[in-house]
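Descriptive structure summary
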There are 2 protein chains.
Amino acid sequence: MRIIIDAMGGDNAPGEIVAGVLRAARMADMELVLVGRGAEVLEALKEKGVTNLPKGMEIANAEDVVDMHDDPATVIRKRRDSSLVVGLRMLADGKGDAFISAGSTGAVLTAATLIVKRIPGIRRAALAPVLPTAAGKCVLVDCGANAECTPEFLLQFGCMGSFFAQRTLGIEKPRVGLLNIGAEDSKGTDLQRAAYGMLQRLSERGGIHFIGNIEGRDVMLGGADVVVSDGFSGNILLKSIEGTGKFMSDQLKGLFMRNAGTKLAALLCKQGIRDLKRLMDYREVGGTPFLGITKPIVKAHGSSDALAISNAVRQAAEAVSSGLVAAIEENIDLITVPKELEHHA
Amino acid sequence: MRIIIDAMGGDNAPGEIVAGVLRAARMADMELVLVGRGAEVLEALKEKGVTNLPKGMEIANAEDVVDMHDDPATVIRKRRDSSLVVGLRMLADGKGDAFISAGSTGAVLTAATLIVKRIPGIRRAALAPVLPTAAGKCVLVDCGANAECTPEFLLQFGCMGSFFAQRTLGIEKPRVGLLNIGAEDSKGTDLQRAAYGMLQRLSERGGIHFIGNIEGRDVMLGGADVVVSDGFSGNILLKSIEGTGKFMSDQLKGLFMRNAGTKLAALLCKQGIRDLKRLMDYREVGGTPFLGITKPIVKAHGSSDALAISNAVRQAAEAVSSGLVAAIEENIDLITVPKELEHHA
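Residues numbered from 1 in each chain as written. Chains lettered and ligands numbered in written order. Predicted model: local features only at pLDDT ≥ 70, side-chain atom pairs only at ≥ 80, totals over all residues. Heavy atoms only, no water.

Quick look at the nonpolar core
Side chains that are nonpolar tend, in soluble globular proteins, to be buried together. Counting 101 residues, the largest nonpolar core has Leu88 and Ile297 of chain A together with Leu88 and Ile297 of chain B as its most contacted members. Contact partners of Ile297 of chain B, with chain neighbours within four places excluded, come to Leu88, Leu91, Phe99, Val108, Ala112, Val116, Thr288, Pro289 and Phe290 of chain B. Listed in part, the 38 residues of the second largest apolar core include Ile119, Ala128, Phe163 and Ile328 of chain B. (Core = buried A, V, L, I, M, F, W, Y, C linked by side-chain atoms within 4.5 Å. Buried < 20%, exposed > 50% of the residue type's maximum accessible area, 1.4 Å probe, protein only. Contact = heavy atoms within 4.5 Å.)

Right under this line is the structure:
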């Protein structure tokens, strides 16, 4: 297996990216290709005490870098020599099995769609982060790639999310829920009502296991294994979970700092606090997979450090072995709605 | 001041409603009118050891009760003798200054709109819960009354929310933020882009202090004093905050129950845990005010107990003294968009 990594994307590139890839290289037997400015990558390796490229690790040169101010729509034209575009072209050309970048989400998504292409029949690629829940883990599709959606997009998100949960989270019959503001099928806007019907029909044909609507409250409490949403609401959900987690952690910190007694308490709870921190730490997950592209692509957090990047490499490797892309391709007829039906949905 | 309370609404009616009103009666000098089945209300009073109605407390008889299965749209016709409809008619007729119910949100909202009426010029009433944040408190408008919104609704929510924050949270110049999936004014859907422009123009004219978009992550971290949203996304935000709060509290409970040492730690942190619990406890807030109706109405949580109800009474009293309704009425020209402009927004 050969994984391509954008060495120049993200706030801590190339240092932490290179460190993360070194870490991943020690864990498993993979070919890892760092794409970026050769001299800077070598310098970063040297800083980690590595003077000869370890076995299985390669550098592919790309002199340009996409920055956060680039318009995603023009990146593949104006930044053809960037690490992002060069890396994605290698992936499209079969010179790798998966791609990772911590660069701008919009740029990675647009360039991936244009260069590596969507799976034929898939209307939109989606961002599918994995969240910790009271029941284990759940996957949220979409969390921001598509602010505006049609019911068919949501149908496809549900199906792709279900395959993803089966194949990479090991859930045999994932419970697919539609993010909504109430339990009844009449809740929400026209989008949710139409998507509800489509997901229900797919479920009756055995394509997925649709459990109906899921409210925001029940996501973290483990109410579904796959949460289907338009990118706008999905983003609000994801970000508010992050913000509330941070708020509660800060409160907890304050609570333990009150006096000598509470400071002692913090010592007594050290292991538990560490576990809770780890549970809420995005770096442990690695990154956010794009679903619907012909090859696995993982978007790592912009502020990724070495730990996050090594986990993103693991995640990309799992996506390759899981056969997720093939599963979506084989089932495309189930989740493609003829144009004329879509408008009457 | 005279406050009307639906004695029969909510999961714990009439027992906890009556207990809450008794509690509120002890705190302040108000006239409190319990509307509902007289015999049941008297029985509930007796259970609390009250055989004579305390001074200032009255019972208004209403033999019917709205239940959770009633269609909100037909309640005022099919349940004319219900505590909800009788209570709201009393409010509309000037026999009280504010109204509280823990009954079905949809029924309270629809009946309030039809009986007590919206403030002329206000397109939609909104639910405006107050949330604890790292910066103190913020008000979210709307959290579910209006799943589908126009930009003008959001403009009005922002303005009403700002008056509300000024007058009942005591924030002199509330920072009004538009819930969105990024900071730039181009983010979101057509709805957010159009609302952004309208809020911006109102801000330039001095009507409010608009600070631009606010992402889900920053709501609990105190990024705004007023968060403007359509009811769908607002509900997702509110519920995911609730769910994440519950998830973190459960994790915390587990953490303290691990062993003898952590149990000791829990004792050492007792006060801090109690404070954190209180901070996240919806009962401390009371209920959710409706903004945009001609008289103050507070929707208490369906599972409200006596503490929640007594706080809802306090909240309703504050809404009356604050002059919020008059403030909205006086500024209605600022926030009414002529029909022809609305469509070009």
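Digging into the pattern of salt bridges
Residue and element names in this part refer to chain A. Tallying each qualifying case throughout the model produces 30 salt bridges over all chains. Notably, a salt bridge pairs Arg123 with Glu152, separated by 2.7 Å at the nearest N-O pair. On the criterion of sequence distance, the pair formed by Arg123 in the loop between helix H5 (105-115) and strand S5 (126-127) and Glu152 in helix H6 (residues 151-168) is long-range, its members being 29 residues apart. Look at the salt bridges and you will find they share partners, linking Asp64, Asp67, Asp70 and Arg79 into a network. (Salt bridge = Lys/Arg side-chain N within 4 Å of Asp/Glu carboxyl O. Helix = DSSP H or I, 4+ residues; strand = E, 2+ residues; numbered from the N terminus.)

Some points on the relation of the copies chain B and chain A
After a rotation of 180 degrees and a shift along the axis of 0.0 Å, chain B superposes on chain A with an RMSD of 0.0 Å. Taken together, the rotation angle and the small translation identify this as a two-fold axis. Ranked by how close their C-alpha atoms come to the rotation axis, the residues of chain B are headed by Ala265 of chain B, at 2.0 Å. The residues that chain B uses at the interface reappear at the interface of chain A in 100% of cases, marking a shared surface. (Least-squares fit on C-alpha atoms with pLDDT ≥ 70 in both.)

Describing the interface of chain B and chain A
Between chain B and chain A, the residue contacts involve 52 residues of the former and 52 residues of the latter. Carbon and sulfur atoms supply 75% of the area that chain B and chain A bury against each other, a total of about 4,500 Å² over both sides. There are 6 salt bridges connecting chain B and chain A. Among the ionic pairs, Arg217 of chain A bridges to Glu242 of chain B, the shortest N-O distance being 3.4 Å. Our count for the chain B to chain A interface comes out at 9 residue pairs in polar contact (both at pLDDT 80 or more). Those elements that provide at least two residues to the side of chain B that touches chain A are strand S6 (130-133), helix H7 (190-204), helix H8 (216-220), helix H9 (231-256), helix H10 (260-268) and helix H11 (270-279) of chain B. When residues of the side of chain B that touches chain A are assigned to their parent elements, the largest contribution, 20 residues, is made by H9 of chain B. Residues that form the side of chain B that touches chain A fall into these classes: 24 nonpolar, 18 polar and 10 charged. (Buried area = accessible area lost by both parts, 1.4 Å probe. Polar contact = N/O pair within 3.5 Å; in protein donor to acceptor, adjacent residues only side chain to side chain. Nonpolar A, V, L, I, M, F, W, Y, C, P; charged D, E, K, R; others polar.)

Quick word on the pairing of strand S11 (residues 287-291) of chain B
Residue and element names in this part refer to chain B. Within S11, 5 of the 5 residues are buried, which leaves the element mostly enclosed by the surrounding structure. Here strand S5 (residues 126-127) pairs with S11 via 2 bridges, running antiparallel. Bridging from a neighbouring strand, Leu127 pairs with Phe290 of S11. As paired strands, S11 and strand S12 (residues 297-300) are joined by 4 bridges and run antiparallel to one another. Bridge pairing in S12 places Thr288 opposite Lys299. In this structure, the hairpin formed by S11 and S12 is closed by a connection of 5 residues, where Gly292 is found at a positive phi of approximately 110 degrees. (Pairing = 2+ DSSP bridges.)

Quick word on a positive patch on the surface
Side chains of Arg77, Lys78, Arg80, Arg89 and Lys117 of chain A sit close together on the surface and give a patch of like positive charge. Its location among the elements puts Arg77 of chain A in helix H3 (residues 75-78). (Patch = residues over 30% accessible without salt bridge, like charges linked within 9 Å, V, L, I, M, F, W, Y side chains within 5 Å. Areas by Shrake-Rupley, 256 points an atom, 1.4 Å probe, with all protein chains shown as cover. Lys, Arg positive; Asp, Glu negative; His and termini not counted. Charge placed at Lys NZ, Arg CZ, Asp CG, Glu CD.)

Let's talk about the sheet that holds strand S10 (residues 226-228) of chain B
Residues and elements named next belong to chain B. Taking strand neighbours across the sheet as the criterion, the 5 strands line up as S6-S7-S10-S8-S9 in an open arrangement whose pairing is mixed. At either margin of the open sheet sits one strand with a lone partner, and together these are S6 and strand S9 (209-214). Looking at each pair of strands side by side, their axes are set apart by 30 degrees on average, direction ignored. Note that S6 and strand S7 (residues 136-141) share 4 bridges and pair antiparallel. Bridge assignment links Leu131 to a residue of S7, and that residue is Cys138. Across the sheet, helix H6 (residues 151-168) touches S6, S7, strand S8 (175-179) and S10, and the angle it forms with S10 is around 165 degrees. (Axes fitted to C-alpha atoms, helices over the stretch in contact; angles between N-to-C directions.)

Here we look at the confidence of the model for chain A
Looking at chain A, the pLDDT average stands at 94 and 98% of residues meet or exceed 70. Overall fold confidence (pTM) sits at 0.94, and the ipTM for the predicted complex is 0.93. (pLDDT = per-residue confidence, 0-100.)

Things to note about the packing of helix H9 (residues 231-256) of chain A against H9 of chain B
A pair of packed helices is characterised by two quantities: the angle between their axes and the separation of those axes. Direction vectors running N to C along H9 of chain A and H9 of chain B enclose 35 degrees, while the axes themselves pass 8 Å from each other. Two packed elements cross with a definite hand, and for H9 of chain A against H9 of chain B that hand is right-handed. Where H9 of chain A approaches H9 of chain B, its residues Phe232, Ser233, Ile236, Leu237, Ser240, Ile241, Thr244, Gly245, Met248, Ser249, Leu252 and Phe256 of chain A are matched on the opposing element by Phe232, Ser233, Ile236, Leu237, Ser240, Ile241, Thr244, Gly245, Met248, Ser249, Leu252 and Phe256 of chain B. For the contact of H9 of chain A with H9 of chain B, the class distribution of residues is 14 nonpolar, 10 polar and no charged. (Left-handed = near helix turned anticlockwise from the far one by under 90°.)

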